[in-house]
Amino acid sequence: MICNPSPELEDELDLAFRKFLFCFRFKKYLFSLIKYANIDYHRKRRKYEQRYPLTFDAPVGEDEAQCFGDYLLSLARQADVDDPTFDPNHFQSRLENPELYAIFSKLTYKQRVVITLSYSACIMDTEISTLLKVSQQAITKTRHTALKKMRSSLLGAK
């Protein structure tokens with residue numbers, strides 16, 4: 001081809017070079033597009049994280065040396081937490097607030113069981129429903145009703 005130049009061979013070489021150049025430019029364009037999209041993504045993410053920090057990552061106090069999550073963890077370690085109970089009567093005997101004690105005693109037995117399992121034993125509604133052989137929706141409704149009754153009694157007492 002180089003030894004025998006002809007117009008057809010020059011056109012063929014020119015076409016091959018144009019294809020090569022197009023592929024080269026297109027690949028360069030794609031690499032640049034990906035690079036700058038990555039930079040933009042990380043800028044937006046960093047900006048979002050600065051504007052809306054996670055609650056547990058928020059600094060506590062003025063020194064900002066400790067975050068909220070670490071603070072809660074240290075409080076949990078310091079607190080003298082009793083073992084969880086599954087018995088509503090035992091849970092009720094632990095209540096220190098006399099108003100709360102009286103209001104808790106006015107709940108139905110089923111409501112007291114659900115509140116005890118939810119908040120003392122930290123059992124999820126689905127697990128409670130399996131234990132009590134009722135639907136998860138019934139447990140959620142019972143818990144909400146009990147909390148609403150306790151809230152209205154507490155607010156009515158004050």
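Here, every reference points to the structure presented above.
Cut-offs applied
- Residues numbered from 1 in each chain as written.
- Predicted model: local features only at pLDDT ≥ 70, side-chain atom pairs only at ≥ 80, totals over all residues.
- Heavy atoms only, no water.
- Helix = DSSP H or I, 4+ residues; strand = E, 2+ residues; numbered from the N terminus.
- Buried < 20%, exposed > 50% of the residue type's maximum accessible area, 1.4 Å probe, protein only.
- Contact = heavy atoms within 4.5 Å.
- Areas by Shrake-Rupley, 256 points an atom, 1.4 Å probe, with all protein chains shown as cover.

(A) Main features of the overall build of the protein. Along the protein, the regular secondary structure elements total seven helices and two strands. Along the protein, helices (α) and strands (β) appear in the sequence α-β-β-α-α-α-α-α-α when read from the amino end. Per-residue burial for the protein yields a buried fraction of 19% across its 158 residues. Across the protein, the fraction of contacts at a sequence separation of at least 24, relative to all contacts at a separation of at least 6, is 44%. In the form shown here, the protein has an accessible surface area of approximately 13,000 Å², with 59% of it arising from carbon and sulfur atoms.

(B) The side chain of Gln92, seen in detail. Topologically, Gln92 is positioned in helix 3 (residues 88–94). Each residue touching Gln92, except ones within four places of it in the same chain, is listed here: Tyr101, Phe104, Ser105 and Arg112.

(C) Molecular detail of unusual backbone geometry. With a phi angle near 55 degrees, Cys122 is a residue other than glycine that sits in the positive phi range. Structurally, the position occupied by Cys122 is in the loop between helix 5 (109–119) and helix 6 (125–132). Of note in the backbone geometry, Lys133 takes a positive phi value of approximately 60 degrees without being a glycine. Position of Lys133 relative to the elements: it lies in the loop between helix 6 and helix 7 (136–157). The exposure class assigned to Lys133 is exposed, which follows from its relative accessible area of 73%.

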